[in-house]
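These are the residues of each chain, in order.
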There are 2 protein chains.
Amino acid sequence: MNVEFVNPFLDAIMNVLTTMAQSEAQADKPYLKEDCLAQGEVTGMIGLAGDRVKGSLAITFTTPAILHITSQMLGEELTEIDETVKDLVGEITNMVSGGAKKALSEKGYKFEMAIPTTITGKSHTITHKTLGAVVVVPFEMDSGKFFVEVCFED
Amino acid sequence: MNVEFVNPFLDAIMNVLTTMAQSEAQADKPYLKEDCLAQGEVTGMIGLAGDRVKGSLAITFTTPAILHITSQMLGEELTEIDETVKDLVGEITNMVSGGAKKALSEKGYKFEMAIPTTITGKSHTITHKTLGAVVVVPFEMDSGKFFVEVCFED
């Protein structure tokens, strides 16, 4: 997988957090995914498909991180992973891939976005069936961690 | 959602089961999805995206059903949800959406397929963020049940 695919997703998540949730996150060192255990309790996922490229984006949030982000987005305190939170996770995933889509389109990589899906459950596992690598970028916020997974086939 | 989107997926799964796993399944009455709890332990999911349509397909298998199907596919008895089974769930999901893609393309609905993903975990929930309906079709086999979920926006 071409590494120039990954950065637009990272830029987009930071942009979404800043503008929608008045929150900042620090990206940690990326790594290639080897095991499949989601390191959080809520995952937003979206498929990306074009003539030449196909891939998927998954963002896995720990509970404290997503409760902080969604509380900030709504301006009210949320204390559990309810339908509102799941809906916002789908919305965040959509916005992040939308931002990356725009940036990648300018580089000549055109794709359309599928429908975002939210997965919850303690110790759920997520396995992308791809010929390429799965790059994971951990993010740290004061309130907790989240993980961005990008896989792309060119 | 136009109901003509759903049938090609059902035809495709039956075709895959017959040809790849020498197995038959009986479709039960479809219903609209209201809650989000996956009624199985393993889900294969794939995003579908085109200029005019976008959607997602999820196939959730109970453990006995998928162990039967994958054992049939490989010609050896599988007894737990391991990497081999997860990989085959991704493969089945890919083949089903590939079959439906062909049939729908002939009706003028063109889309590309994203990368298939396998989710495991007891009581995982799957929520499609869609403006349209999510249609669920339960299937019954001698060995157990599985559920096909299709959502599409036109």
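Residues numbered from 1 in each chain as written. Chains lettered and ligands numbered in written order. Predicted model: local features only at pLDDT ≥ 70, side-chain atom pairs only at ≥ 80, totals over all residues. Heavy atoms only, no water.

**Q** How would you explain the interface of chain A and chain B if you had to name every residue and give the values?
**A** Taken residue by residue, the interface counts 35 residues in chain A and 35 residues in chain B. The contact between chain A and chain B buries some 2700 Å² in all, and 56% of this surface belongs to carbon and sulfur atoms. The tally of links from chain A across to chain B stands at four salt bridges. Note that D87(A) is salt-bridged to K129(B), the shortest N-O span being 3.2 Å. Broken down by secondary-structure element, the contributors of at least two residues to the side of chain A that touches chain B are β3 (42-49), β4 (54-61), α3 (83-106), β5 (112-113), β6 (117-120), β7 (125-128) and β9 (144-153) of chain A. (Contact = heavy atoms within 4.5 Å. Buried area = accessible area lost by both parts, 1.4 Å probe. Salt bridge = Lys/Arg side-chain N within 4 Å of Asp/Glu carboxyl O. Helix = DSSP H or I, 4+ residues; strand = E, 2+ residues; numbered from the N terminus.)

**Q** I'd love a proper account of the side chain of S23(A), names of residues and values included.
**A** Residues and elements named next belong to chain A. As for its position among the elements, S23 is in the loop between α1 (7-21) and β1 (26-27). Since its relative accessible area comes to 4%, S23 is described here as buried. Here the side chain of S23 touches A21 through a polar contact of 2.7 Å, landing on its backbone oxygen. Sequence-distant contacts of S23, defined by excluding residues within four places in its chain, comprise L17, T18, H68, Q72 and M141. (Buried < 20%, exposed > 50% of the residue type's maximum accessible area, 1.4 Å probe, protein only. Polar contact = N/O pair within 3.5 Å; in protein donor to acceptor, adjacent residues only side chain to side chain.)

**Q** Give me the lowdown on helix α2 (residues 63-74) of chain B, citing residues and values where you can.
**A** Residues and elements named next belong to chain B. Its 12 residues place the ends of α2 16 Å apart at the C-alpha level, agreeing with the 16 Å of an ideal helix rising 1.5 Å per residue. Within α2, burial applies to A65, I66, L67, I69, T70, S71 and M73. Buried-residue contacts for α2 involve α1 (7-21), β3 (42-49), β4 (54-61), α3 (83-106), β8 (134-141) and β9 (144-153). Directly after α2, the chain includes G75, whose backbone phi takes a positive value near 70°. (Expected span 1.5 Å × (residues − 1).)

**Q** Lay out the pattern of salt bridges with the relevant residues and their values.
**A** A full pass over the atoms with the stated rule returns 12 salt bridges over all chains. Close ionic contact of K86(B) with E83(B) constitutes a salt bridge, the shortest N to O distance being 3.4 Å. On the criterion of helical spacing, the pair formed by K86(B) and E83(B) is a turn pair, its members being three residues apart in helix α3. Residue classification places K86(B) among the buried residues on the basis of a relative accessible area of 9%. Three or more residues joined by partner-sharing salt bridges are found here, namely D87(A), E91(A) and K129(B).

**Q** Could you give an account of the packing of aromatic side chains, naming the residues involved and the relevant values?
**A** Here the structure, examined in full by the defined rule, presents 12 aromatic pairs over all chains. Their ring planes at 5° and their centres at 4.8 Å tell us that F139(B) and F146(B) sit as a pair that is stacked. F139(B) gets classed as buried once you look at its relative accessible area, which sits at 2%. Since its relative accessible area comes to 0%, F146(B) is described here as buried. In textbook terms, an aromatic cluster arises when at least three aromatic residues are bridged by ring pairs, as seen for F5(A), F9(A), Y109(A), F111(A) and F152(A). (Phe/Tyr/Trp six-rings, centres within 6.5 Å; stacked < 30°, edge-to-face > 60°.)

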